Amino acid sequence: MNRYVKILPLVAIFFTLSANAEVALKDSSEILGEWNLYAEAAKLDGEQKAVKIEWEFKKDGTLQTTSTDSVGRTKEMKIAIKYSVENGEIKKQTTPGREKYESCKVVEKEGSNMILKCTYLYFFLTKK
């Protein structure tokens, strides 16, 4: 019985780490196309803020973002930024026109769903 009590914390740590295993992308072909970014959160299991943004990963290394603001004056805003897939992660520009990039790791990619962990936020996406 004493032996099981000592092993139990190790088993719990193993399952916690394996639950948040990252998915390494081989290349950009795994993310090409249009995605709906429907929520963002500060923590993976934290409260999600609903958003309405479309991301289109293009073959030429451009990430076209289109955000819709249903209550604001702008209605729709389109921004194109550069991206690439390096070492299994997505590197994307933080601001258009600047050569500063952030790394986004794929936390989960299953079927048409994908969760990204970028510098400050988790992004929850569904393939169109």
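Residues numbered from 1 in each chain as written. Predicted model: local features only at pLDDT ≥ 70, side-chain atom pairs only at ≥ 80, totals over all residues. Heavy atoms only, no water.

Asker: I keep staring at the overall build of the protein chain and nothing clicks. Help me out?
Answerer: Broken down by element type, the protein chain carries 1 helix and 8 strands. Reading the helices (α) and strands (β) of the protein chain from amino to carboxyl end gives α-β-β-β-β-β-β-β-β. Counting all 128 residues of the protein chain, 29% fall into the buried class. Pairs at least 24 residues apart make up 38% of the contacts formed inside the protein chain by residues separated by at least 6 positions. Working note: accessible area of the protein chain is about 8,900 Å², and carbon and sulfur atoms make up 54% of it. (Helix = DSSP H or I, 4+ residues; strand = E, 2+ residues; numbered from the N terminus. Buried < 20%, exposed > 50% of the residue type's maximum accessible area, 1.4 Å probe, protein only. Contact = heavy atoms within 4.5 Å. Areas by Shrake-Rupley, 256 points an atom, 1.4 Å probe, with all protein chains shown as cover.)

Asker: Just checking my understanding: could you explain the layout of surface pockets for this structure?
Answerer: Which parts of space are left empty comes out when a probe the size of a water molecule is rolled across the atoms. Its volume calculated, the largest pocket comes out at about 270 Å³. Along its surface, the largest pocket is lined by 17 residues, and Trp55, Thr65, Ile79, Ile81 and Lys92 are the ones closest to its centre. Elements that contribute at least two residues to the lining of the largest pocket include exactly strand E1 (33-41), strand E2 (49-57), strand E3 (62-68), strand E4 (76-86) and strand E5 (89-93). For the lining of the largest pocket, a count of residues per class yields 9 nonpolar, 5 polar and 3 charged. (1 Å grid on protein atoms, 1.4 Å probe; cavity = no way out; pocket = protein on both sides within 12 Å on 5 of 7 lines; lining within 4 Å. Points joined across faces, edges and corners; volume = space filled by probe spheres on them. Nonpolar A, V, L, I, M, F, W, Y, C, P; charged D, E, K, R; others polar.)

Asker: Would you take a moment to explain the pairing of E3 for this structure?
Answerer: The side chains of a regular strand alternate, first on one face of the sheet and then on the other. Counted residue by residue, E3 has 5 buried out of 7 residues, so it is predominantly covered. Pairing analysis gives 5 bridges linking E2 to E3, with the strands arranged antiparallel. The residue of E3 that forms the bridge with Glu56 is Gln64. Between E2 and E3, which pair antiparallel and follow one another directly, the connecting turn spans 4 residues, one of which, Gly61, has a positive phi of 85 degrees. (Pairing = 2+ DSSP bridges.)

Asker: Teacher, can you tell me more about unusual backbone geometry here?
Answerer: Most peptide bonds take the trans configuration, and most residues that are not glycine carry a negative phi. Although it is not a glycine, Asn87 adopts a positive phi angle of roughly 50 degrees. Tracing the chain through its elements places Asn87 in the loop between E4 and E5. Using a relative accessible area of 78% as the deciding quantity, one classes Asn87 as exposed.

Asker: Would you mind showing me how to read the side chain of Gln64 here?
Answerer: Relative to the elements of secondary structure, Gln64 occurs in strand E3. With relative accessibility at 18%, the residue Gln64 sits in the buried group. Discounting residues that sit within four places of it in the chain, Gln64 has contacts with Glu54, Trp55, Glu56, Lys58, Lys78, Ile79 and Ala80.

Asker: Is there a simple way to explain the state of the cysteines in this structure?
Answerer: A covalent bond between the sulfur atoms of two cysteines is referred to as a disulfide. All chains considered together, the criterion is met by 1 disulfide. In this model, Cys104 is linked to Cys118 through a disulfide, with the two sulfur atoms separated by 2.0 Å. Judged by the sign of its S-S torsion, about 110 degrees, the cystine formed by Cys104 and Cys118 is right-handed. Of this pair, Cys104 sits in strand E6 (residues 101-110) while Cys118 sits in the loop between strand E7 (113-117) and strand E8 (122-127), placing them 14 residues apart in sequence. (Disulfide = S-S within 2.5 Å.)

Asker: Honestly, the sheet that holds E6 in this entry has me stumped. Any pointers?
Answerer: Pairing between the strands of a sheet comes from backbone hydrogen bonds, and it takes one of two forms, parallel or antiparallel. The strand order around the closed barrel built from 8 strands is E1-E2-E3-E4-E5-E6-E7-E8, with neighbouring strands paired in antiparallel fashion. Each adjacent strand pair in this sheet contributes to an overall mean axis angle of 35 degrees, direction not counted. In this structure, E1 lies alongside E2, joined through 7 bridges in antiparallel fashion. Considered in E2, the bridge of Leu37 is made with Ile53. (Axes fitted to C-alpha atoms, helices over the stretch in contact; angles between N-to-C directions.)

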